[in-house]
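The primary structure of each chain is shown beneath.
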Amino acid sequence: MSANPSRAKVAVLISGEGTNMAALLYASRQGAPFEIVLVASNDPHAGGLALAEAEGIAAFALSHKGMKRAEHDAAMDAAIRKSGAEYVALAGYMRVLHDAIVERWEGRMLNIHPSLLPKYKGLDPHARALEAGDELAGASVHLVTTELDGGEVLGQAEVAVIGGDTPETLAHRVRIAEHQLYPRVLGDYVSRPYDPDWLLGRVRKLAMELPEAEAATSHGSPGFKIAGKSGKFFAHFADRHHGAHQIALLAKTSGQDELADLVERDPEVFFRPAYYHASGWVGIALNRPDCDWDQVQHWLERSWRSVAPKRLTKLMDAAEEF
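Residues numbered from 1 in each chain as written. Predicted model: local features only at pLDDT ≥ 70, side-chain atom pairs only at ≥ 80, totals over all residues. Heavy atoms only, no water.

Caption draft 1: Structural view of the overall build of the protein chain. Along its length, the protein chain carries 10 helices and 13 strands. C-alpha extents for the protein chain along the principal axes are approximately 70 × 45 × 40 Å. Put simply, 59% of the contacts in the protein chain that link residues at least 6 apart link residues at least 24 apart. Accessible surface computed for the protein chain: about 16400 Å², of which carbon and sulfur atoms make up 52%. Computed over 34 positive and 43 negative side-chain charges, the separation of the two mean positions in the protein chain equals 5 Å. (Helix = DSSP H or I, 4+ residues; strand = E, 2+ residues; numbered from the N terminus. Contact = heavy atoms within 4.5 Å. Areas by Shrake-Rupley, 256 points an atom, 1.4 Å probe, with all protein chains shown as cover. Lys, Arg positive; Asp, Glu negative; His and termini not counted. Charge placed at Lys NZ, Arg CZ, Asp CG, Glu CD.)

Spelled out as structure tokens, the structure:
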């Protein structure tokens, strides 16, 4: 089955039957904004591998037995990268990952855990919830960090605890909730690079960190300027204006020569925005999976410097020296 470049490519790591992997796979076949390009396991006998192969998904297996953790994780990482995956979803992967692979996939690796985090990290969450007398259990999808089950929680599903529940009966209902939760949260997360509200929020955060920056509206669109009545705009946010397909940051260049050079050198990132390009503004496309936010921050600061009073740029320079 061929990859669809319009959807995020996801590798799923499993250690067992892969029921959450199956939920992700079938959601992808029902219009979710991602596709599964690899199912990988540390157990060559994991049941989910047979399902993946039957469904035409590439599978990779490598037993961790007899291998150092870092060595095994490096091999898994190589398989993931070879698949072209942009994100990794852990779905019942029963191995604590080495820091190196976690850091390499920072912000692009998700996990599902059967508790309402931050409660009951680690093993036996259902038994611990019952022992504590909780009325609610559930599942959480979170980003993977070097802290076990400690990354940002992206979504949760609550499940009522019923009198007479055992860890097994509770786990059964929580698993049903997991199968609804994981595809939705993963879909929302991989869609963020194309969500104008999320993109604007991220641009706003970076812009407002600059000295005396304030948010303002220009011709009905969000923008950022130096505070005060006479303050000049240093950035605009354009959401597919005038028929453009880009959601973009508009920033000031030094003039038409630099603008032309930027567009010629990297037309996937830079473009001439309608109307604004006549004054030397460049469009920097944000709605792309490989958006370089360090580059966005650079252009925001550079554009800010082009209109900020000298007293502010001197303050900025002094702060950067420390």
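Caption draft 2: Structural view of unusual backbone geometry. Each neighbour pair has its own omega, and for Leu-117 with Pro-118 the value is 15°, a cis peptide bond. Tracing the sequence through the fold places Pro-118 in the loop between β5 (109-113) and α5 (125-131). Unlike most non-glycine residues, His-219 shows phi in positive territory, near 55°. Within the secondary structure, His-219 sits in the loop between β8 (213-218) and β9 (221-226). Within the chain, Arg-240 stands out as a residue other than glycine whose phi angle is a positive 55°. Among the secondary structure elements, Arg-240 is positioned in the loop between β10 (233-239) and β11 (247-252). Look at Arg-240 and you get partly exposed, because its relative accessible area is 39%. (Buried < 20%, exposed > 50% of the residue type's maximum accessible area, 1.4 Å probe, protein only.)

Caption draft 3: Local environment of the nonpolar core. Counting 36 residues, the largest nonpolar core has Val-10, Val-12, Leu-24, Phe-34, Ile-36, Val-39 and Tyr-182 as its most contacted members. Of the residues forming this core, the biggest block, 9 residues, is contributed by helix α6 (residues 167-191). Beyond its immediate sequence surroundings of up to four residues, Tyr-182 is in contact with Asn-20, Leu-24, Ala-89, Leu-90, Ala-91, Leu-110, Asn-111, Ile-112 and Val-141. Ranked by size, the runner-up nonpolar core spans 33 residues in total, among them Leu-210, Leu-249, Cys-291 and Ala-308. (Core = buried A, V, L, I, M, F, W, Y, C linked by side-chain atoms within 4.5 Å.)

Caption draft 4: Region of the structure containing the environment of Trp-304. Tracing the chain through its elements places Trp-304 in helix α9 (residues 293-307). We classify Trp-304 as buried; its relative accessible area is 0%. When the C-alpha atoms of Trp-304 and Arg-175 are compared, they prove to be 50 Å apart, with 129 residues separating the residues in sequence. Ignoring sequence-local partners within four residues, the contact set of Trp-304 consists of Leu-210, Pro-211, Ile-226, Phe-234, Leu-312, Thr-313 and Met-316.

Caption draft 5: The arrangement of the sheet that holds strand β12 (residues 270-271) in detail. Spatial strand order, β8-β9-β10-β11-β13-β12: 6 strands in an open sheet with antiparallel pairing. Every other strand in the sheet has two partners, leaving β8 and β12 as the edge strands with one partner each. Alignment of β11 against strand β13 (residues 281-285), held across 5 bridges, turns out to be antiparallel. In the sheet register, Ala-248 faces β13, and the bridge partner there is Ala-285. (Pairing = 2+ DSSP bridges.)

Caption draft 6: Layout of the pattern of salt bridges. The final tally for this structure, using the stated rule, is 16 salt bridges. Arg-305 is the partner of Asp-317 in a salt bridge, and the nearest nitrogen-oxygen pair spans 2.8 Å. Linking Asp-317 in helix α10 (residues 310-321) with Arg-305 in helix α9, this pair joins segments that are 12 residues apart in sequence. By relative accessible area, Asp-317 is classed as partly exposed at 34%. A residue is classified by how much of its surface remains accessible, and Arg-305, at 26% relative accessible area, is partly exposed. Residues participating in the shared-partner salt-bridge network are Asp-77, Arg-81 and Arg-104. (Salt bridge = Lys/Arg side-chain N within 4 Å of Asp/Glu carboxyl O.)

Caption draft 7: Molecular detail of α9. Look at α9: 22 Å from first C-alpha to last across 15 residues, which is about the 21 Å you get at 1.5 Å a residue. Residues Trp-293, Val-296, Trp-299, Leu-300, Ser-303, Trp-304 and Val-307 constitute the buried set of α9. One side of α9 carries all its buried residues, which in axial view fall inside an arc of 135°. Taking the backbone nitrogen of Asp-294 as reference, a side-chain oxygen 3.0 Å away marks Asp-292 as the first, capping residue of α9. (Expected span 1.5 Å × (residues − 1). Arc of directions from axis to C-beta. Polar contact = N/O pair within 3.5 Å; in protein donor to acceptor, adjacent residues only side chain to side chain.)

Caption draft 8: Spotlight on the confidence of the model for the protein chain. Taken as a whole, the protein chain shows an average pLDDT of 94; of its residues, 98% reach a score of 70 or greater. In the predicted structure, residues 1-5 sits below a pLDDT of 50 and forms 9 contacts with residues beyond four places in sequence or in another chain. (pLDDT = per-residue confidence, 0-100.)

Caption draft 9: Highlighting the packing of helix α1 (residues 19-28) against helix α2 (residues 47-54). Two elements in contact, α1 and α2, have axes whose closest approach is 10 Å; the angle formed by their N-to-C orientations is 15°. Taken together, the axes of α1 and α2 lie roughly parallel to each other. As α1 runs across α2, the sense of the crossing is right-handed. Judged by residue contacts, Met-21, Ala-22 and Tyr-26 of α1 engage Gly-48, Leu-51 and Ala-52 from α2. (Axes fitted to C-alpha atoms, helices over the stretch in contact; angles between N-to-C directions. Parallel < 35°, antiparallel > 145°, perpendicular 65-115°, else oblique. Left-handed = near helix turned anticlockwise from the far one by under 90°.)

Caption draft 10: View of the packing of aromatic side chains. Inspection of the entire model under this criterion finds 4 aromatic pairs. Between Tyr-87 and Tyr-189 the ring centres are 6.2 Å apart and the planes differ by 80°, which places this aromatic pair in the edge-to-face class. Placement of the pair is Tyr-87 in strand β4 (residues 87-90) and Tyr-189 in helix α6, with a sequence separation of 102 residues. Residue class for Tyr-87 comes out buried when judged on its relative accessible area of 9%. On the accessibility criterion, Tyr-189 (8% relative accessible area) is buried. Measuring from ring centre to ring centre gives 6.1 Å for Phe-270 and Trp-299, while their planes differ by 65°; the resulting arrangement is edge-to-face. Of this pair, Phe-270 sits in strand β12 while Trp-299 sits in helix α9, and the two are 29 residues apart along the sequence. The class of Trp-299 is buried, set by a relative accessible area of 5%. (Phe/Tyr/Trp six-rings, centres within 6.5 Å; stacked < 30°, edge-to-face > 60°.)

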